[in-house]
Amino acid sequence: MIVFYCIVFGMITFIGGSALYAFYWAATTGQFADFENSAESIFGDDEPLGEVSDVYPGMNLEEELARAEAKRAEAKKGNITK
Amino acid sequence: MSSATFTSEDTDKTVVNSSAFPSEGKVTRQEIDASCGIPVLVFYTTAVIWLLVGSLLGFLASFKMHDPQTLTGLFGIDFGWLNFGRIRPAHLNVVGYGWANIAGVGTAIWLMARLSGTTLRYPLLVTAAGVLYNIGVLSGTIGILIGQGNSIEWLEFPPYATFMIFLAYAIIGIWAVDMFMNRTTKHVYVSQWYLMAGFFWFPWLYGTAQILLLDPLWSEPASGAVQGIVNWWYGHNALGLWFTPIGLATAYYMIPKVIGRPVHSYHLSFIGFWTLAFFYAWNGAHHLIGGPVPAWIVTASVVASVMMVIPVCTVAINHHITMKGHFHLLKYSPTLRFVVFGAMAYTLTSLQGSMMAVPYINKTTHFTHYTVGHAHIGLYGFFTMVMFGAMYYIVPRLVGSEWKSARLINIHFWLSAAGILLMFGVLTLGGWIQGVLLNDASWNFSEITQITIPWLRGRSLSGAMLTIAHLVFAFHFMLMIFSPVTGGKGPMLFAKPETK
């Protein structure tokens, strides 16, 4: 049983310690410092902020959105005339 | 190790904010994607094959629940290897270690490369780890089917298979640390936190469980009540400290990326990460409510399970508010559709899980099909759907070609979504009825079993829908791999930067 306890408590210490170290590292290297810019770090020149980066194959998003907008406007107009 | 990345020189008229990857002297995303091509496609291709095998095994196991005579033998030849007792663990391990793990690691490799801002390091090593892992899963599955499986849930693979699997995890884990150390980005994005934690946690979980339960190294495996505790410590943490981090890392990357808007609250995303890390490891013992284990372990686990409401709500609120005003895009983006479905299923399954850990509810749901419904909305509704979404985003960028058919994507989505919702519905309702009746001493066991049969047939129907969905997806995926590159334009293939 002694080996069992050694593994269990050794692991608790190791994992707990590493989590504490990760938190310390993050706090001291400025990972929690600039949240606004950090959230935008996944965007760039080639996949810029504000642009949709995935659509169905062969679909032109701008056309689709314009069509949906026109449809909405028409429905609204229909409601008013009713 | 790291270099400054948020420099004002990187901005141009169209890009409001700075870039993580300055254009001069640094690798572009296109180069990163190209470097990931072969390893990630090896992982994805084998994952899709395992998905088909796992679906068929699951469908057959489900069918045998209401028609036990199915495929027990043919022409006097006994199909012992297709017994329910073997194909059920084979299904679990194939979809868990085969499909979900391999697709998850494939996605994680691509995400690690992108978030580290470097081309993939040691692609050959990563590919070799993938091949070794697949040999492990193949030999383990055959081992279960020929009757060499262990009787410990989630660890049924025989030792010769687990050794290869552990080695492959270890290689990928070390590779991930190397990628992290060599990143060119200054900030560690929240997805990378989840990924690094997952890569760190899982080999530890897997290795420890193997040593304590299956004893490859020493002669004192845990037995009795301790065996149950260690088993569920592993079984539940494999879901929460491995699949959940990879699924959430993907969702935290894909949702903002597709809609072109950063995560609404980056604060919340970090609170979600650290509370997950703190509470999840305690959850496993809620499987042992009412069992012969020390009460404090179960109580601590119930408390931690309910505390999981915090990380789950932070993720759910964050994703919802990020999507606010962009829900119409679900109509136009396959990736977004799958990932948002997955994110919603994550909220549902997690809150349901917290509820099921409360002893008052657990006394009805425990040992019923209700739990099976919960497991499927988690590993399928959440994780698998997020992986499908990720693959719809990543594969075109790796092969340089758009998906061939919008219709096939639609069929895949609707069959998968309807199939999993049907499965969740019938198992939840049927399981609850089963649980209520089991607690009523005036009912005998065989009557209750009869009552569950229509619900189990419903489950088989949903399994058939999912299997067809997977066949459609596999066909489409193979078209992407084997058909010649057609090129094309659109946001999938970096056509935009040239026009700026």
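So, here is what we can say about the structure in this document.

What counts, and at which threshold
- Residues numbered from 1 in each chain as written.
- Chains lettered and ligands numbered in written order.
- Predicted model: local features only at pLDDT ≥ 70, side-chain atom pairs only at ≥ 80, totals over all residues.
- Heavy atoms only, no water.
- Contact = heavy atoms within 4.5 Å.
- Buried area = accessible area lost by both parts, 1.4 Å probe.
- Salt bridge = Lys/Arg side-chain N within 4 Å of Asp/Glu carboxyl O.
- Polar contact = N/O pair within 3.5 Å; in protein donor to acceptor, adjacent residues only side chain to side chain.
- Helix = DSSP H or I, 4+ residues; strand = E, 2+ residues; numbered from the N terminus.
- Phe/Tyr/Trp six-rings, centres within 6.5 Å; stacked < 30°, edge-to-face > 60°.
- Buried < 20%, exposed > 50% of the residue type's maximum accessible area, 1.4 Å probe, protein only.

**Remarks on the interface of chain B and chain A**
Where the parts come together, the accessible area they lose is often given as the size of the interface.
Okay, step 1: Contact residues are listed per partner, giving 67 residues for chain B and 44 residues for chain A.
Okay, step 2: For the chain B and chain A pair, buried surface summed over both sides reaches about 5000 Å², with 65% attributable to carbon and sulfur atoms.
Okay, step 3: It is Trp204, Trp274 and Tyr332 of chain B that lose the most area in chain B upon contact with chain A, and together they represent 13% of the buried surface on that side.
Okay, step 4: Joining chain B to chain A, the criterion identifies five salt bridges.
Okay, step 5: Residue arginine 29 of chain B pairs with aspartate 46 of chain A through a salt bridge whose shortest N-O separation is 2.5 Å.
Okay, step 6: Counting every contact that joins chain B to chain A gives 21 residue pairs in polar contact (both at pLDDT 80 or more).
Okay, step 7: No other element matches helix 6 (residues 224-259) of chain B, which puts seven residues into the side of chain B that touches chain A.

**Focus on the environment of leucine 241 of chain B**
All names here are of chain B.
Okay, step 1: Note that leucine 241 resides in helix 6.
Okay, step 2: For the pair formed by leucine 241 and tyrosine 253, sequence separation is twelve residues and the distance between their alpha carbons is 18 Å.
Okay, step 3: What leucine 241 contacts, discounting residues up to four positions off in sequence, is Gly198, Trp201, Leu205, Leu276, Tyr280 and Ala281.

**Structural notes on the side chain of threonine 208 of chain B**
Okay, step 1: Mapped onto the secondary structure, threonine 208 of chain B falls in helix 5 (residues 190-214).
Okay, step 2: Side-chain polar atoms of threonine 208 of chain B contact the backbone oxygen of tryptophan 204 of chain B, separated by 2.6 Å.

**With respect to the packing of aromatic side chains**
Each aromatic ring pair is summarised here by two numbers: the centre-to-centre distance and the angle between the ring planes.
Residues and elements named next belong to chain B.
Okay, step 1: Under the defined criterion, the tally for this structure stands at 50 aromatic pairs over all chains.
Okay, step 2: Consider the rings of tyrosine 133 and tyrosine 169, whose centres lie 5.3 Å apart with planes at 75 degrees: the pair is edge-to-face. Linking tyrosine 133 in helix 3 (residues 123-145) with tyrosine 169 in helix 4 (residues 159-181), this pair joins segments that are 36 residues apart in sequence.
Okay, step 3: Tyrosine 133 sits in the buried class, given a relative accessible area of 5%.
Okay, step 4: Take tyrosine 169: its relative accessible area is 4%, and that puts it in the buried class.
Okay, step 5: Taking 5.0 Å as the distance between ring centres and 65 degrees as the angle between the ring planes, the aromatic pair formed by phenylalanine 243 and phenylalanine 383 counts as edge-to-face. Taken together, the residues phenylalanine 243 in helix 6 and phenylalanine 383 in helix 12 (residues 369-399) connect sequence positions 140 residues apart. The pair phenylalanine 243 / phenylalanine 383 is uniform in exposure class, with both members buried.

So far we have only geometry, and geometry alone does not tell us how the molecule works.
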